[in-house]
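# Overview (structure and organization)
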Amino acid sequence: MHPSILQSALSSQGLRGILFHTVQVLSQAEHRAGYCAFYEECGRNPSLEGALIPPIVPCRNYSRARELTGEHYRKLKEVCPMLDKGLGSTFACCSIKQLTSLEMSLTLSKALLVRCPSCAENFAHLHCINTCSPNQSQTVKVTKVMNVTHLGKTREVVVEYQAYLATSFADGAFQSCQNVRIPATGGFAIATMCGRYGAKLCTPQRWYDFQGDTSNGLAPLDIDFRLIKPGEVEGVPEGVIPYKGRALKCNETTPSGGQVCSCQDCKESCPVLPPPPLPPGPFRLLGTDGFLVISIILFCKDQNCNDVSQRVIHPAEVSCADRNSMAAQAFLSSVFQKWGTFMATYPLMVLLVSAVVVLGFGTGLMFIELTTDPVELWSAPNSRARQEKDFHDKHFGPFFRTNQLILTAPGRKGHIYDSLLFGTQNFSGLVSKDLVIEMLLLQKKIQFWSEDLNRTASLKDVCFAPLNPNNSALTDCAVNSLPQYFQNSLDNINAKVNMTELGVTKEVDWRDHLIYCLNSPLSFKDITDLGLSCMADYGAPVFPFLAVGGYRGDEYTNAEAFILTFSLNNYPRTNVKYNVALQWEKEFLKIVQDYQSNPTTNFTFAYMAERSLEDEINRTTAEDIPIFMISYAVIFVYIAVALGEYSSWRRILVDSKFLVGLGGILVVACSVLASMGFYSWIGIPSSLVILQVVPFLVLAVGADNIFIFVLEYQRDVRKPGEEREQQIGRVLGNVAPSMLLCSLSESVCFFLGALSTMPAVKTFALYAALAVLMDFVLQMTAFVALLSLDARRQDNNRCELLCCVTVATQKSNQPNEGFLLPLMRKYYAPVLLNLGVPVYFVTKRGFNFTTEEGMNAVCSSVGCDQFSMIQKIQYAANHPEQSYIGISANSWVDDFIDWLNPGSRCCRLYSFGPNAGNFCPADKSSFLCGRKCMAKPSNGVLRPTEEQFNRFLPNFLGNRPDLQCPKGCVMSIYTQIIGETFQKSDTSRFMAYHTPLTNSQEFTAALLRARELAYDITQGMLKINGTSPDFEVFPYTVTNVFYEQYLTIVPEGLFNISLCLLPTFVVCCLLLGLDLRSGLLNLITIIMITVDTVGFMTLWGIHYNAVALINLVTAVGISVEFVSHMTRSFALSIKPTHVERAKEATANMGSAVFAGVAMTNLPGILVLAFAKAQLIQIFFFRLNLVITLLGMAHGLIFLPVVLSYFGNPVSWPLVPTDELRLMMRRSTSFLSSTRGAGPSSDIALPPTEDDIT
């Protein structure tokens, strides 16, 4: 339709509106000094719709620049001071209206750039030159005008022009703004001003192109910036002179009094810091691994020291140690012999009393409490991380609950999209419209009936809503996902429009918007004609790393995973909404699992909820209970079968030990129940780890003692006239000291282990100590009685289980050695003896934020200390590989100062009316709110007084950020950075981000570095006047309570294991009659087992943590079983040489240890390989298998060899006199034959037992 026809039609209807026609400027305008290309405002740009601010454009007006006077001059001096030449000498090409509009436009950008005065000045300089320069026609070329009719008057308006800038000015202005930060996000301000390129790919040309692009929603007309290099003339119209004013550097002061930019915003302002020290290198010798060199030297040295001399023992005088050993053995043997005879004589009474005692302890199980909270389980209440967590949760509330869903679509074919604006882009098979919509529908599904709220509950009832925490709607919930780039709107995803760019018309759709938002997530409007915002519906940006994953570099559209994150408030456990949050997470998991099981689902899922850890522990524990039951059943069957004598197949049912094996298992179970019941009585909670580990440990210890006792009884021959009960007592007297040695060592070991600060280790040690002690007591009572009853049955030739049935075949009177003892004696012993999130920096009470000195010690903008709190965190972030700080901390202090700056619209006061003098929001008109909260400072450094600080801070905290005031804050953005009413010494926090942490080593190192940084910050802030001496800054991350253990777990582990090793040495020495050498060899072997276990943990991928420490403490206990019995058997042997004594100990005791410990543990451990829980697989199957195999290797291979070298000589008081005299004669004869002489006259006979007595 012709414009004149359209105008007639509109006029005939009596309507007033905008009438325009397009005129392409064909003729070249003149470019002369002192002339304007346009002047005054001529209404809205008719070609723009949906702009974020009114697009007021200037009138085409080629005329002389106007001299400014009065209010006009004052306004120019305020908005564009760089054009001020003095009153009477200042000319400009802009009216007061244009200056007012320019001021408003600059205010929006200055809100982000004002932290760096030179950047803000350069930015204003650029646009002042384009709008107001008296030589405007020499620097711009109008390329497009339109006729606009408004209020009956038609005028030409400029809707597009070219601006010519010298690269010296353009590059300098860009460089001054390149590093200016946005404290609230930790990102760069320029990322919001460079469109799809973001901060990383932004260049001067791209920066200016975005500023002059009307599609950004802020530019009122299109500006084609032409950056001209020195001497370049091609493309420059005749008469045009590119503007080459001087751009200020970021480390320069401004002519208006602005200070140099801070180090955080300007690298040139940073002090020269020494590089961080490099980590120490590995230990090296001769250019290679030092430990390897030492090992080779020691190995070579030992090659000449492996011969065992078959030394003939010469009798010697009885030493004090021999007397002590004899007295200790005689005393213990006598006591246990009498005790065993009594127990065997009254078996039924003993069993009854034992059952009553166990039941008495067991009733405490009614009060049992299971600790499932990981924090309570692994973090001590008085630990530093736990105290810091409690402090943080008390003042700021618990860290929000994270529920995350990672969706992939493997196998889907991607496509290439030819975008009108962005060119050819690769889209993976995942990033497709149907999957984006499917993801959107999935995240809206979760609703359920809440008994606690007595109504239907949804995400809005429990979600973390940072910008509207008090009355949250669903759109206020912090849900980070890719559909948030479309404000979770199906209409926005489906939107598409034809767009013309550079004469090419194409359809733009969701893909163009997505490409733009992934690169510019802070934009309120994309550059397409869709005109959609990139901000999430809850008002915050969604950074691409929170929305997609599995991409390379910046190829976000080629991502292989969608990330959907729901953030929930983490209410205290006493709050009714805590249960609602748990229920929401339960429904979330259920919906995801149902969705995943649907065969039509296009996604593959990985998901977790905040409750997943506890749920998974409970689930896998329940699922693995049958595995544990099978494991114990296998052990029981083995014990029942292995304890049998089987002298004749006719006596199998008589000689079997099914009931004895069952009794042994019941003794173990009763000891565990008694221990758990006792501690439940006194209020010490248990845990799932205790339920799984302690029975296994006690079974290993108990089975060993059972085998030693039963096999010794089977190998013994009843003496003439000796009663069965007396024989049992005599056998018990022989083996009980060895059982006491192991049990007492282990029990004391575990009781000392309870000194650990780790709750899980402490409770495990207490439960294990009492269980081992109770197991020994029940073995000395109930099991002795049970064996007595079984021996009575066997003597009467009655079948087991069928006691009324007898067999005729009599039991042999010969000792039953079984299968293992001959094998060990004949083959094994002779052969053997010839052969490794966000982080908050929380400030405690005692620091005054309201003083200028206090603010400067924290902030990072103009005028702040170069080593302020935020600046130190920034220095750390500059070295993320060592500090593990990825993004510097946000700072509400910086944002508050920027919010107060009179250069922005954020803090203004009502000029008149009932609210005169009160705070005026940024969305109110300048007419109503003409007063600024603070005047422009004379020194360029804005700081509120204490009165202003306290007056305006509540307004700042309640000011929701928007386009007019992006520096606004809502208290929940910082989640109660301060209390309800801020006092000068209140607590606060500042959030930074760690680099991605993937394993326990990185989490631990990050915690350590953060604490070192916080300590350095604390020391600096303590120097500020008025700071309390007990003031402290500490880092808080939700994972600290779990990984703090790794900071101390090595010394903690050494302490606990040392406490366990000490009693094994002491008890061994005491019970062997102060035999220090045997105790030392015993200790060395146990240490070797423990060290080798740690080494195998590294080789098999078993991480060293609190669970591993529990198992290492267990390893010490099991090692005692492998080692101490052998050491005592060797010490009590009366064979003449070390080798023969080692052979005897290996054959007699080694067979019992192998059957009782190794063969008892191994079948049960192997069954655990089928457990589903990774915890069971790694820390119970792998680690216990390693412990058992290493214990067996050291106890049955290494120890006998060591004893044959370094064991004590025979203890003469233990040798019967007649045997000793025979040995002496053999020794004398041997010496005579070797010396060529008769018996030596100085060889004294050993004393008799009467002499010793």
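An unreviewed UniProt entry lists the protein chain under the name NPC1 like intracellular cholesterol transporter 1, with Hippocampus comes as the source organism. Word for word, the UniProt comment on the protein chain under Sequence similarities (unreviewed entry) is "Belongs to the patched family." Its UniProt record gives the protein chain the following Subcellular location (unreviewed entry) comment, quoted word for word: "Endomembrane system".

Helix and strand counts for the protein chain stand at 38 helices and 34 strands. Burial analysis of the protein chain (1253 residues in total) assigns 54% to the buried set. A total accessible area of about 54700 Å² is found for the protein chain, and carbon and sulfur atoms account for 59% of it.

Right, let's talk about the pattern of salt bridges for a bit. For the structure shown, the criterion picks out 25 salt bridges. Close ionic contact of Glu-71 with Arg-74 constitutes a salt bridge, the shortest N to O distance being 2.3 Å. Taken together, the residues Glu-71 and Arg-74, both in helix 2 (residues 70-79) and 3 residues apart, mark about one turn of the helix. Taking relative accessible area as the criterion, Glu-71 reaches 43% and is therefore assigned partly exposed. A salt bridge links Asp-594 to Lys-590; the shortest N-O distance between them is 3.2 Å. Linking Asp-594 with Lys-590, this pair stays in helix 17 (residues 576-597), spanning 4 residues, or about one helical turn. Overall, Asp-594 belongs to the partly exposed group, its relative accessible area being 41%. The exposure class of Lys-590 is partly exposed, given its relative accessible area of 45%. Connected through shared salt-bridge partners, Arg-384, Glu-388, Arg-1011 and Glu-1044 make up one network.

Taken together, the 3 strands give an open sheet; going across it, the order is 29-28-30, and neighbouring strands pair in antiparallel fashion. Of all strands in the sheet, those bounded by a partner on one side alone are strand 29 (919-920) and strand 30 (931-932). Where strand 28 (residues 908-909) lies against strand 29, 2 bridges are found, and the strand directions are antiparallel. Across the sheet, Leu-909 pairs through a bridge with Phe-919, a residue of strand 29.

So, about empty space enclosed by the protein. Unoccupied space between atoms shows up once a probe the size of one water molecule is rolled over them. When its volume is computed, the largest cavity comes out at roughly 70 Å³. In terms of lining, the largest cavity is formed by His-994, Leu-997, Phe-1003, Ala-1006, Leu-1007, Ala-1010, Thr-1037, Thr-1039, Asn-1040 and Tyr-1043. Within the residue set of the lining of the largest cavity, elements represented by two or more residues are helix 30 (1000-1021) and helix 31 (1040-1043). By residue number, the principal contributor to the lining of the largest cavity is helix 30, which donates 4 residues. Residues of the lining of the largest cavity, tallied by class, amount to 6 nonpolar, 4 polar and no charged.

Another point: a nonpolar patch on the surface. Together, Phe-342, Tyr-346, Met-349, Val-353 and Val-357 make up a nonpolar patch on the protein surface, roughly 460 Å² of accessible area in all. Sorting elements by how many residues they give to the nonpolar patch places helix 10 (residues 347-362) first, with 3 residues. Its location among the elements puts Phe-342 in helix 9 (residues 320-345). When its relative accessible area of 41% is taken as the criterion, Phe-342 is described as partly exposed.

A volume near 1400 Å³ is recorded for the second largest pocket. Lining the second largest pocket are 41 residues; nearest its centre among them are Asp-213, Thr-214, Ser-215, Asp-222 and Glu-501. Partitioned by chemical class, the residues of the lining of the second largest pocket number 17 nonpolar, 11 polar and 13 charged. Counting only domains with at least three residues in the lining of the second largest pocket, you end up with domain 1 (35-269) and domain 3 (399-609).

Looking now at unusual backbone geometry. Backbone geometry follows two general trends: most residues other than glycine have a negative phi, and most peptide bonds adopt the trans configuration. One non-glycine residue with positive phi stands out, namely Gln-487, at about 55°. Structurally, Gln-487 can be placed in the loop between strand 19 (479-480) and helix 14 (490-494). A positive phi angle, near 60°, is found at Tyr-884, a position not held by glycine. Mapped onto the secondary structure, Tyr-884 falls in the loop between helix 27 (880-883) and strand 27 (885-887). Classification of Tyr-884 as buried rests on a relative accessible area of 18%.

Another aspect to go through is the state of the cysteines. Note on terminology: a disulfide is the covalent bond linking the sulfur atoms of two cysteines. The full count for this structure, using the stated rule, is 15 disulfides. Covalently, Cys-36 is tied to Cys-93 through a disulfide, its sulfur atoms 1.9 Å apart. Residues Cys-36 and Cys-93 are joined by a disulfide whose S-S torsion is about -85°; by sign, that bridge is left-handed. With Cys-36 in strand 2 (residues 35-44) and Cys-93 in the loop between strand 5 (91-92) and helix 3 (96-113), the pair connects residues that are 57 residues apart, well separated along the chain.

Here we take up the packing of aromatic side chains. Counted by the stated rule, this structure contains 41 aromatic pairs. Between Tyr-35 and Tyr-62, the ring centres sit 5.3 Å apart and the planes meet at 20°, which makes this aromatic pair stacked. Of the two residues, Tyr-35 sits in strand 2 while Tyr-62 sits in strand 3 (residues 56-64), which places them 27 residues apart along the sequence. For Tyr-62, a relative accessible area of 29% corresponds to the partly exposed category. Here the aromatic rings of Phe-169 and Tyr-243 are separated by 5.3 Å at their centres, their planes lie at 80°, and the arrangement is edge-to-face.

Before going further, it helps to spend a moment on the packing of helix 28 (residues 892-900) against helix 29 (residues 946-957). In contact at an axis separation of 11 Å, helix 28 and helix 29 are set at 100° when each is read in the N-to-C sense. One element, helix 28, and the other, helix 29, form an angle in the roughly perpendicular class. Where helix 28 approaches helix 29, its residues Trp-892, Asp-895, Phe-896, Trp-899 and Leu-900 are matched on the opposing element by Phe-949, Phe-952, Leu-953, Asn-955 and Phe-956. For the contact of helix 28 with helix 29, the class distribution of residues is 8 nonpolar, 1 polar and 1 charged.

Moving on, we get to the nonpolar core. Residues Ile-639, Val-694, Phe-709, Phe-750 and Phe-764 are the most contacted members of the largest nonpolar core, which totals 117 residues. For this core, the element with the highest residue contribution is helix 23 (residues 759-795), accounting for 20 residues. Here this core spans two domains, since at least three of its residues come from each of domain 2 (323-367 + 625-797) and domain 5 (1075-1210). Counting 69 residues, the second largest nonpolar core, distinct from the first, contains Leu-421, Ile-515, Ile-527 and Ala-547.

Note on placement: Gly-930 falls in the loop between strand 29 and strand 30. Leaving out residues up to four positions away in the same chain, Gly-930 has contacts with Leu-909 and Ser-911.

Another aspect to go through is the sheet that holds strand 33 (residues 988-994). Here 4 strands make up an open sheet; going across it, the order is 27-33-26-34 and the pairing antiparallel. Looking at the sheet topology across the chains shown, the edges are occupied by strand 27 and strand 34 (1033-1036). In this sheet, neighbouring strand axes are inclined to one another by 45° on average, regardless of whether the strands run parallel or antiparallel. Along the sheet, helix 12 (residues 384-396) makes contact with strand 26 (838-843), strand 33 and strand 34, crossing strand 34 at roughly 90°. Lying over the sheet, helix 26 (residues 869-877) contacts strand 26, strand 27, strand 33 and strand 34, oriented at roughly 105° with respect to strand 27.

Cut-offs used in this document
- Residues numbered from 1 in each chain as written.
- Predicted model: local features only at pLDDT ≥ 70, side-chain atom pairs only at ≥ 80, totals over all residues.
- Heavy atoms only, no water.
- UniProt positions renumbered as here; feature names shortened; annotations may be inferred.
- Helix = DSSP H or I, 4+ residues; strand = E, 2+ residues; numbered from the N terminus.
- Buried < 20%, exposed > 50% of the residue type's maximum accessible area, 1.4 Å probe, protein only.
- Areas by Shrake-Rupley, 256 points an atom, 1.4 Å probe, with all protein chains shown as cover.
- Salt bridge = Lys/Arg side-chain N within 4 Å of Asp/Glu carboxyl O.
- Pairing = 2+ DSSP bridges.
- 1 Å grid on protein atoms, 1.4 Å probe; cavity = no way out; pocket = protein on both sides within 12 Å on 5 of 7 lines; lining within 4 Å.
- Points joined across faces, edges and corners; volume = space filled by probe spheres on them.
- Nonpolar A, V, L, I, M, F, W, Y, C, P; charged D, E, K, R; others polar.
- Patch = residues over 30% accessible without salt bridge, like charges linked within 9 Å, V, L, I, M, F, W, Y side chains within 5 Å.
- Domains from an automatic or database assignment.
- Disulfide = S-S within 2.5 Å.
- Phe/Tyr/Trp six-rings, centres within 6.5 Å; stacked < 30°, edge-to-face > 60°.
- Axes fitted to C-alpha atoms, helices over the stretch in contact; angles between N-to-C directions.
- Parallel < 35°, antiparallel > 145°, perpendicular 65-115°, else oblique.
- Contact = heavy atoms within 4.5 Å.
- Core = buried A, V, L, I, M, F, W, Y, C linked by side-chain atoms within 4.5 Å.

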